[in-house]
Amino acid sequence: MPIVSARGLSRSFRVSEKDPGLAGTLRHFLKRKVRTVEAVRDLDFTIEPGEMVGFLGPNGAGKTTTLKMLSGLLHPSGGRVEVAGHSPARREAEFLRRITLVMGQKQQLIWDLPPLDSLRVNAAVYGLDDREAARRISELAEMLELGEELHRPVRKLSLGQRMKAELMAALLHRPEVLFLDEPTLGLDVNAQAAMRRFLADYNRRHGATVLLTSHYMADITALCPRVLLIHAGSLFHDGSLEQLTQRLAPRREVRLELADTLPASAFSGYGELESCSGRDVRLLVDRDRLTTVVGRLLADLPVLDLEVRDPPVEDIIGRLFRQGSIEQP
Amino acid sequence: MGAASTIGRYGRSIARFWSSSLAAEMEYQLNLLIEVAATLMTLAGSLFTLSLFFGHGQQLGGWSWDAALVVLGIYTLLNGFSSTLLRPNLGNLVKQVQSGGLDFVLLKPIDSQIWLSLRTLSPWGLPEMVLGLTLVVVGTIRSGARPDATALLTGGLMVLAGVTILYSLWFVLAATSIWFVKIWNATEVLRSLLAAGQFPVSAYPPALRLLFTTLLPVAFLTTVPAEAILGLASGGSLLAGLVLAGLSLVGSRALWRLALRNYTSASS
Amino acid sequence: MSQLPSRPLPCGRNRGRPALASALRIARALFISQYALMLEFRAEILLWALSGVLPLLMFSLWSGAPAGAAAGISPEAFARYFLAAFVVRQFTVVWVVYAFEEDNLLGRLSPLLLQPLPLVWRYAAAHLAEQATRLPFVVVMVALFFLAVPDAVWIPSPARLLLALLAAHLGFWLNFLLQHAITMLCFWSERASALERFLFMPYIFLSGMLAPLDLYPEAVRRFALLTPFPSMLYLPAQLASGGPIDALAGFRTVAVWLAVLIPLNLLLWRAGVRRYAAMGG
């Protein structure tokens, strides 16, 4: 029984456009030019309880819009969506108790007070009695490695500590479905790693379903066995990350360390030159020609060292977004 | 999830709202000094202005100086109430709409209008409320009126009606920030129009008197409650005040639901 | 956008002109962009114009009040004064402290402070642009007022009108500089904007917004005339409406207060920016 299901989910917006300069200003004042932007187009997917799913896509792809529709903050323009047995847009209290939304760099904690005060407010709002709230607070504090920070005003905490406290506030009511919109945005490497560890741990302990959007590949690779790739509002891929890379990049990366520096033109004919800095060269070579090309490289060029590996996922996805479409092999 | 437990949950939540916001405000002790000073200055200025109209034993709109003090007192009381509950909450509403913080409110299992209206309690308006009440008492005594229990009760009721109307006006204005982005001055418009309530409504020319009893019910904010306390109010105006209070509350609710539908793009 | 010139700039004869031309270009660009910004919020413009309605309310009170007649001022005279006060208020209202607070909160200050254009001109341009957007509405409101009170229709003499316009514009700058000084204090404390109330209240009570200062008791009037507030409203309003006014004394007060406020603002600005930089922005 899926906990999230979307059928034909769509969302379009009307945006007004303005030309620059004084003439444009007056024209805009008198008559607005409006066009329709399709932010999300016909999404179909289901998610089972306990899954950790990543929404991947460039900025403006429609990830946040989708998340807002799933959490009930935005009405779909078309299609149907059901989360935890409810229609999100109706925002029934029962539904709201079972979900949570965390947005990177946006906070709900009271700025001037220690997080504990905000947590007490949330406890009352979600109908938790003090004992239960205290129990959950200490469990979450242990998982997040927060101690005396909970007693310091939020404005005095670092960004990483603040995000952890935000997570506590968001999870106090033990929601079944977690919507996370760019949760690691702006955090340093350690804080990002800590958050990923926590999310994996939480998912293990409580079996919560986690939907995560990010444009940090590391979040997705670390946490999400399943990836929904959204590009220009449409769903391009629904499966694992390995399947995605197989589909997008039937090529492998060959790294060479040369004895002398060679011009870029020397590498034409072997494969696509990815980078060439001094004596270190990286080439992308089709899988089926791999052995032939490697043989020729070793024969033709002064190679000191050679390494074959899969290209970084970031590069694959990044290239896709730059090209604007998937080339089928 | 029975109704009783829901009410209990709301009650506990509001108690926590107010205790946490009091705690947050107490972080800035200098505020108390500033607020009291500002309140005293404003009151002094208002009394001075009122006195200009009563230079040589004259009247204003048929009201004596002492009776007019009662009107000013209720105005001051309502102003204090605005500072305590209306301005902090509804100013926050505007900020949250602009910053996207409204999303967090909408995701809580608490009615969003209640959350936004009652989330913050600012103690700094309380001195003004006390001063206003004092002025009402002083004016009533000096004017020679001896209000009995009925008059006091009706007066209190009309003050509550006035509070409801005032709340609805403020809330509707703040809610329009969902459509209009820069509404700093919208609250200024409200403030300057409501400042008309310092003076008895009969002091205004007929056209404005009509406006202040219908479209912009300033009369029911200050003049009618004052009349009730002084035993001068007609049954008609009392009834009208109560009806208006009910209507304005319903209206604010309807507008909020419309605003939310727009915010969540329910219709487009 | 600054690039090294490909050849040395000519010096001497042409040195003065590029500076003035570039200043005018900057001013023009600033104004146009701020004007565009103001027009973005066309639904709110009406509200802005309406927010100055207090003088009109006071007129309605005074024209029917026995105390007004007792002071020897006719309802038509009140009408002219308060209409003039309304118009002057539209062009002297200042909100720089709120704009600054918002910029500070949203982290926009740092990039703005890095620009070679002093921040104050940006805000001043925004205010002047806003006044330009209000103009059509003010014209409409004046016309409506004349329709409602035809006895009060008048046209001031060219000399008085000119003086009134000058006084109003100078009054704007006085108001701006006063509030700007408070705004500078925001560099030291986040809550400094609360002090704006201590400017607003004396403004309401001492500027002549609630009643022509002639109606004030002698002692209070003399005190008010020492403050900058009458220069922001009473002086231009009386000049425009034809009421009795000692224009010379009025402009003298304006000059004195400008001489006080301009250096004060410069001082606070420099100290404030130093502190901002020291605190790491």
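Just so it is clear, the structure is predicted and the values come from calculations on it, not from any experiment.

1. Some details on the overall build of chain A
And then number 1: Tallying secondary structure elements over chain A gives 11 helices and 13 strands in all.
And then number 2: Counting every position in chain A, which comprises 329 residues, the buried fraction comes to 39%.
And then number 3: A sequence separation of at least 24 residues applies to 71% of the contacts in chain A between residues at least 6 apart.

2. Examining the nonpolar core
Across soluble globular proteins, nonpolar side chains show a tendency to be buried alongside one another.
And then number 1: Counting residues in each nonpolar core, the largest one holds 202 residues, and the members touching the most others are Met168 and Leu211 of chain A together with Trp170 of chain B.
And then number 2: Counting residues per element, this core draws most heavily on helix H3 (residues 65–99) of chain B, which supplies 17 residues.
And then number 3: Non-local contacts of Leu211 of chain A, meaning those with residues more than four positions away in its chain, are made with Val53, Phe55, Leu67, Leu70, Leu178, Phe179 and Leu180 of chain A.
And then number 4: With seven residues, the next largest nonpolar core counts Val254, Tyr270, Val281 and Leu297 of chain A among its residues.

3. Focus on the sheet that holds strand E3 (residues 52–56) of chain A
Residue and element names in this part refer to chain A.
And then number 1: With mixed pairing, the six strands of this open sheet are ordered in space as E5-E6-E7-E3-E8-E9. The sheet is open, and its two borders are formed by strand E5 (99–103) and strand E9 (234–239), each paired with just one other strand. Taken pair by pair, the neighbouring strands of this sheet meet at an average axis angle of 15 degrees, ignoring direction.
And then number 2: Alignment of E3 against strand E8 (residues 226–231), held across four bridges, turns out to be parallel. Across the sheet, Leu56 pairs through a bridge with Leu229, a residue of E8.

4. Comments concerning the domain arrangement of chain A
And then number 1: Taken domain by domain, chain A consists of domain 1 (4–245) and domain 2 (250–309).
And then number 2: Each of domain 1 of chain A and domain 2 of chain A has a C-alpha centre, and these two points are 42 Å apart.

5. Remarks on the interface of chain B and chain C
And then number 1: Between chain B and chain C, the contact holds 34 residues from the first and 29 residues from the second.
And then number 2: At the level of secondary structure, the elements contributing two or more residues to the side of chain B that touches chain C comprise helix H2 (30–52) and helix H8 (184–194) of chain B.
And then number 3: Here the element with the most residues in the side of chain B that touches chain C is H2 of chain B; it accounts for eight residues.

6. Quick word on the environment of Asn203 of chain A
Residue and element names in this part refer to chain A.
And then number 1: Relative to the helices and strands, Asn203 resides in helix H7 (residues 189–206).
And then number 2: Distance in space between the C-alpha atoms of Asn203 and Arg282 is 38 Å, their sequence separation being 79 residues.
And then number 3: Other than its neighbours up to four places away in sequence, Asn203 contacts Met52, Ala208 and Val210.

7. Some remarks on the pairing of strand E6 (residues 177–181) of chain A
Residues and elements named next belong to chain A.
And then number 1: Of all five residues in E6, five are buried; the element is thus mostly enclosed.
And then number 2: Burial along E6 is two-sided: the residues Val177, Phe179 and Asp181 and Leu178 and Leu180 are all buried.
And then number 3: Alignment of E5 against E6, held across five bridges, turns out to be parallel. Across the sheet, the residue bridging to Ile99 is Val177, located in E6.
And then number 4: As paired strands, E6 and strand E7 (residues 209–214) are joined by five bridges and run parallel to one another. Considered in E7, the bridge of Val177 is made with Thr209.
And then number 5: For the crossover from E6 across H7 to E7, the handedness is right-handed.

8. As for the packing of H3 of chain B against helix H7 (residues 149–175) of chain B
Residue and element names in this part refer to chain B.
And then number 1: Where H3 meets H7, the axes come as close as 10 Å, and the angle between the chain directions of the two elements is 30 degrees. By the criterion of interaxial angle, the relationship of H3 to H7 is roughly parallel. For the pair H3 and H7, the crossing hand works out as right-handed. Each of Ile74, Leu78, Phe81, Ser82, Leu86, Leu90, Leu93 and Val94 in H3 lies in contact with H7, whose residues at this interface are Val159, Gly162, Val163, Leu166, Tyr167, Trp170, Phe171 and Ala174.
And then number 2: Here the contact of H3 with H7 is built from residues that sort into 14 nonpolar, two polar and no charged.

9. Considering helix H2 (residues 63–71) of chain A
And then number 1: Taking burial as the measure, the nine residues of H2 of chain A include nine buried ones, the bulk of the element.
And then number 2: Trailing H2 of chain A by a residue or two, Gly72 of chain A shows a phi angle of about 95 degrees, which is positive.

Calculation criteria
Counting starts from 1 at the beginning of each chain's written sequence and moves along it residue by residue. Following the order in which they are written, the chains are lettered starting with A and the ligands numbered starting with 1. Only residues with pLDDT of at least 70 get local features here, since the model is predicted, and only at 80 or more are side-chain atom pairs given and counted; chain-wide, interface and lining totals rely on the full set of residues. Helix and strand definitions follow DSSP, with helices as H or I runs of at least four residues and strands as E runs of at least two, each counted in order from the N terminus. Any residue whose C-beta has 12 or fewer other C-beta atoms within 10 Å is treated as exposed, any with 20 or more as buried, and any in between as partly exposed, C-beta atoms being built from the backbone. Whether two residues are in contact is decided by their C-beta atoms, placed from the backbone, lying within 7 Å. In this description, a nonpolar core means buried residues of the types Ala, Val, Leu, Ile, Met, Phe, Trp, Tyr and Cys, linked to one another by C-beta atoms lying within 7 Å. For two strands to be treated as a pair, DSSP must find no fewer than two bridges joining them. Fitted lines through C-alpha atoms give the axes, limited to the stretch in contact for helices. The angle between two N-to-C directions lies from 0 to 180 degrees. Annotation comment: domain bounds sourced from an automatic or database domain assignment. When the strands point away from the viewer and the connection leading from the first strand across the helix to the second strand turns clockwise, the crossover is called right-handed. Here the angle decides the label: under 35 degrees means roughly parallel, over 145 means roughly antiparallel, 65 to 115 means roughly perpendicular, and every other value means oblique. Whether a crossing is left-handed or right-handed is set by the direction in which the near helix is turned from the far one by less than a right angle, anticlockwise for left-handed and clockwise for right-handed. Charged residues are taken to be Asp, Glu, Lys and Arg, nonpolar residues to be Ala, Val, Leu, Ile, Met, Phe, Trp, Tyr, Cys and Pro, and polar residues to be all remaining types, Gly included.

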